[in-house]
Amino acid sequence: MKSNSLAVGLGVLGVIFLIIAGLYAIGVLQIATSTTSGPHIKHAVLFVVLAVASLVAANFARPRTA
Amino acid sequence: MGLLQGASELFPVSSLGHAVIVPSLLHWSFKQSDPSFVPFLVLLHLGTATALLILYRDQWVVIIRGFFTAAFRGQIKTDSERLAMLLLVGTIPAAILGVFLESRIKSLFASPYVAAGFLVVNGALMLGFEFMRRRAERVALTTSGGLTTSGRIETEEQFAQAERISFKAAALVGACQALAFFPGISRSGVTIGGGLLAGLRHQEAARFSFLLATPVILGAGILEVPQLFSSGVPVGEYVAAAVLSGIAAYASARFLLRYFRSGRLDPYGWYCIAAGLVSLALLGLNL
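Residues numbered from 1 in each chain as written. Chains lettered and ligands numbered in written order. Predicted model: local features only at pLDDT ≥ 70, side-chain atom pairs only at ≥ 80, totals over all residues. Heavy atoms only, no water.

Asks: Is there a simple way to explain the overall build of chain A in this structure?
Replies: Secondary structure assignment for chain A yields two helices and zero strands. Taking 2.2 N^0.38 as the reference for a compact globule, 66 residues should give roughly 11 Å; the C-alpha atoms of chain A span a radius of gyration of 15 Å, well beyond that estimate. Out of the 66 residues in chain A, the part that is buried amounts to 35%. The long-range fraction of contacts in chain A, counting pairs at least 24 apart against all pairs at least 6 apart in sequence, stands at 56%. Accessible area of chain A: about 3800 Å², with a carbon and sulfur share of 74%. (Helix = DSSP H or I, 4+ residues; strand = E, 2+ residues; numbered from the N terminus. Rg over C-alpha atoms; globule rule 2.2 N^0.38 Å. Buried < 20%, exposed > 50% of the residue type's maximum accessible area, 1.4 Å probe, protein only. Contact = heavy atoms within 4.5 Å. Areas by Shrake-Rupley, 256 points an atom, 1.4 Å probe, with all protein chains shown as cover.)

Here's what the structure looks like:
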């Protein structure tokens, strides 16, 4: 399934995941964590992985011009 | 503990279950509530992951290269590129569930009684996977011309290699890893079983399971290592245990890959049921 809108959507999702990763890494975001303060590197790494996956999926979804 | 962890991590018999049950049965002075217990286990896992990296070093080079090539090209052209993407897809559900649920589930169920109970469940799962697989084998043999007298290896060849698994199946197999947060349920057992249900050969299901486990175990291990150094534990002894764990894991993986050329999950299923029931009885009698 290839379309420009899907590719853009996945790309935006990737950027959002990167921002969330950054917020977890500096300790601003505390949602679904075991402690209520400090950085959450595990969560940050997870969102970096999700960002990478989204950006890769965006590249796959991009229509090719032959 | 290192040898036990390394040997039981890749066998479909739940290393976590054994790590919870065995010290209790043998009255080892090992406090599972100790803050260094989980980092210690993670360090042992790191030994296992290193063993798997060494075992599959050539494949990992090809997989990593395949990942970057396919990611930048935006297209999958080779088997190794497909395998790299399958591993990414399979790792994501396990990573999400691991980050958000692992500590909650483990703290809820970290009791030898519960682990022994889940070990019995794990055994039943293994037998269930093989029951469904045998049914699939009968269907495959019937559709391929009724070669009912063919040997195990020929029967296995009717099934697929890891690279041919669908992306949906890879995600499901990856999500199955989360079941291993319940002490007594084996990560390799459920992922090998999931691979069998997805139509892989036993040996390929084991290979996919080991490849899938490596980034998760390695990632979790690396992230937990700083805790180990900050909690004032005997790091030297723990590292020695991790090395032993790695050696046992390497030998286990070699054995299992050979065994699954024609072997099945049944013996491990029966072992888990027996071990779980015996453990429950011994724990109940407080021996």
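Asks: Help me understand the interface of chain B and chain A, please; the structure alone is not making it clear to me.
Replies: Every contact between the two is made by 18 residues of chain B and, on the other side, 18 residues of chain A. Three residues, B:V99, B:F100 and B:L223, lead the burial of chain B against chain A; their summed loss comes to 34% of the area buried on that side. Applying the counting rule to chain B against chain A returns zero salt bridges. Inspection of the chain B/chain A interface yields two residue pairs in polar contact (both at pLDDT 80 or more). Looking at the side of chain B that touches chain A, the element that brings in the most residues is helix α5 (residues 79-109) of chain B, giving eight residues. (Buried area = accessible area lost by both parts, 1.4 Å probe. Salt bridge = Lys/Arg side-chain N within 4 Å of Asp/Glu carboxyl O. Polar contact = N/O pair within 3.5 Å; in protein donor to acceptor, adjacent residues only side chain to side chain.)

Asks: I'm lost on the pattern of salt bridges in this one. Help?
Replies: Side chains that carry opposite charge are capable of pairing whenever their charged atoms lie near each other. Residues and elements named next belong to chain B. The full count for this structure, using the stated rule, is 12 salt bridges over all chains. Here R73 ties to E81 by a salt bridge, and the two come within 2.8 Å at their closest N and O atoms. Classification of R73 as partly exposed rests on a relative accessible area of 25%. When its relative accessible area of 5% is taken as the criterion, E81 is described as buried. Its salt-bridge partner being E204, residue R207 comes within 2.9 Å of it at the nearest N-O pair. Linking R207 with E204, this pair stays in helix α10 (residues 202-230), spanning three residues, or about one helical turn. Exposure class is identical for R207 and E204. Each is buried. When salt bridges with common partners are traced through the structure, they connect E130, R133, E137, R152, E156 and R264 into a single cluster.

Asks: Before we go on, may I ask you to explain helix α4 (residues 57-73) of chain B in this structure?
Replies: The α-helix advances 3.6 residues per turn, and as a result positions three or four apart in sequence lie on the same side. Residues and elements named next belong to chain B. Taking 1.5 Å per residue, 17 residues should reach 24 Å; α4 reaches 24 Å between its end C-alpha atoms and fits that length. Listed as buried for α4 are W60, I63, G66, F67, A70 and A71. One side of α4 holds all its buried residues, which, seen down the axis, span an arc of 125 degrees. Projecting away from the buried face of α4 at angles above 90 degrees are the exposed residues D58, R65 and F72. G74, located one to two residues past α4, shows a positive phi value of around 75 degrees. (Expected span 1.5 Å × (residues − 1). Arc of directions from axis to C-beta.)

Asks: I would appreciate a short explanation of the confidence of the model for chain B in the present structure.
Replies: Do not read the fine detail of predicted coordinates wherever pLDDT is low. All names here are of chain B. For chain B, mean pLDDT is 85; residues scoring 70 or higher make up 91% of the total. Least confident of the elements in chain B is helix α2 (residues 15-25), whose mean pLDDT is 76; most confident is α4, at 94. For this predicted complex, the interface confidence comes out at an ipTM of 0.87, alongside a pTM of 0.87. (pLDDT = per-residue confidence, 0-100.)

Asks: I'm lost on the packing of α2(B) against helix α6 (residues 112-143) of chain B in this one. Help?
Replies: The packing of two helices is summarised by the inter-axis angle and the distance between the axes. Residue and element names in this part refer to chain B. Two elements in contact, α2 and α6, have axes whose closest approach is 9 Å; the angle formed by their N-to-C orientations is 130 degrees. The angle between α2 and α6 falls in the class oblique. Here α2 and α6 pass one another in a crossing that is left-handed. On α6, the residues that touch G17, H18, V20, I21 and S24 of α2 are P112, A115, A116 and L119. For the contact of α2 with α6, a count of residues per class yields six nonpolar, three polar and no charged. (Axes fitted to C-alpha atoms, helices over the stretch in contact; angles between N-to-C directions. Parallel < 35°, antiparallel > 145°, perpendicular 65-115°, else oblique. Left-handed = near helix turned anticlockwise from the far one by under 90°. Nonpolar A, V, L, I, M, F, W, Y, C, P; charged D, E, K, R; others polar.)

Asks: What am I meant to see in the nonpolar core here?
Replies: Burial of nonpolar side chains together is a common tendency in soluble globular proteins. Counting residues in hydrophobic clusters, the biggest one holds 74 residues, and the most contacted among them are A:F47, B:Y56, B:L87, B:I165, B:F208 and B:F210. Residues within four places of B:F210 in sequence aside, it is in contact with B:L10, B:L52, B:Y56, B:A253, B:L256 and B:L257. (Core = buried A, V, L, I, M, F, W, Y, C linked by side-chain atoms within 4.5 Å.)

Asks: Could you clarify how one ought to interpret the packing of aromatic side chains in this entry?
Replies: A ring pair, where both rings are aromatic, is described by two values, the distance of the centres and the angle of the planes. Taken as a whole and assessed by the stated rule, the structure comprises 11 aromatic pairs over all chains. Between A:F17 and A:F47, the aromatic rings sit 5.8 Å apart at their centres with planes inclined by 50 degrees, giving tilted as the arrangement. A residue pair is termed long-range when its members are at least 10 positions apart, and A:F17 in helix α1 (residues 4-25) and A:F47 in helix α2 (residues 41-61) qualify at 30 residues. Grouping residues by exposure puts A:F17 and A:F47 together as buried. Each ring, one from B:F11 and one from B:Y268, has its centre 5.7 Å from the other, and the planes form 55 degrees; the classification is tilted. Linking B:F11 in the loop between α1 (2-10) and α2 with B:Y268 in helix α12 (residues 266-285), this pair joins segments that are 257 residues apart in sequence. Neither B:F11 nor B:Y268 differs from the other in exposure class; each is buried. Counting every residue linked through ring pairs, the aromatic cluster contains B:F11, B:F255, B:Y259, B:F260 and B:Y268. Positioned above the aromatic ring of B:F159 is the side chain of B:R133, whose terminal nitrogen or guanidinium carbon lies 3.6 Å from the ring centre. (Phe/Tyr/Trp six-rings, centres within 6.5 Å; stacked < 30°, edge-to-face > 60°. Lys NZ or Arg CZ within 6 Å of the ring centre and 35° of its normal.)

Asks: When you look at a positive patch on the surface in this model, what are you seeing that I'm missing?
Replies: A surface patch of like charges, here positive, comprises B:R57, B:R254, B:R258 and B:R261. Take B:R261: it is sitting in the loop between α11 (235-259) and α12. (Patch = residues over 30% accessible without salt bridge, like charges linked within 9 Å, V, L, I, M, F, W, Y side chains within 5 Å. Lys, Arg positive; Asp, Glu negative; His and termini not counted. Charge placed at Lys NZ, Arg CZ, Asp CG, Glu CD.)

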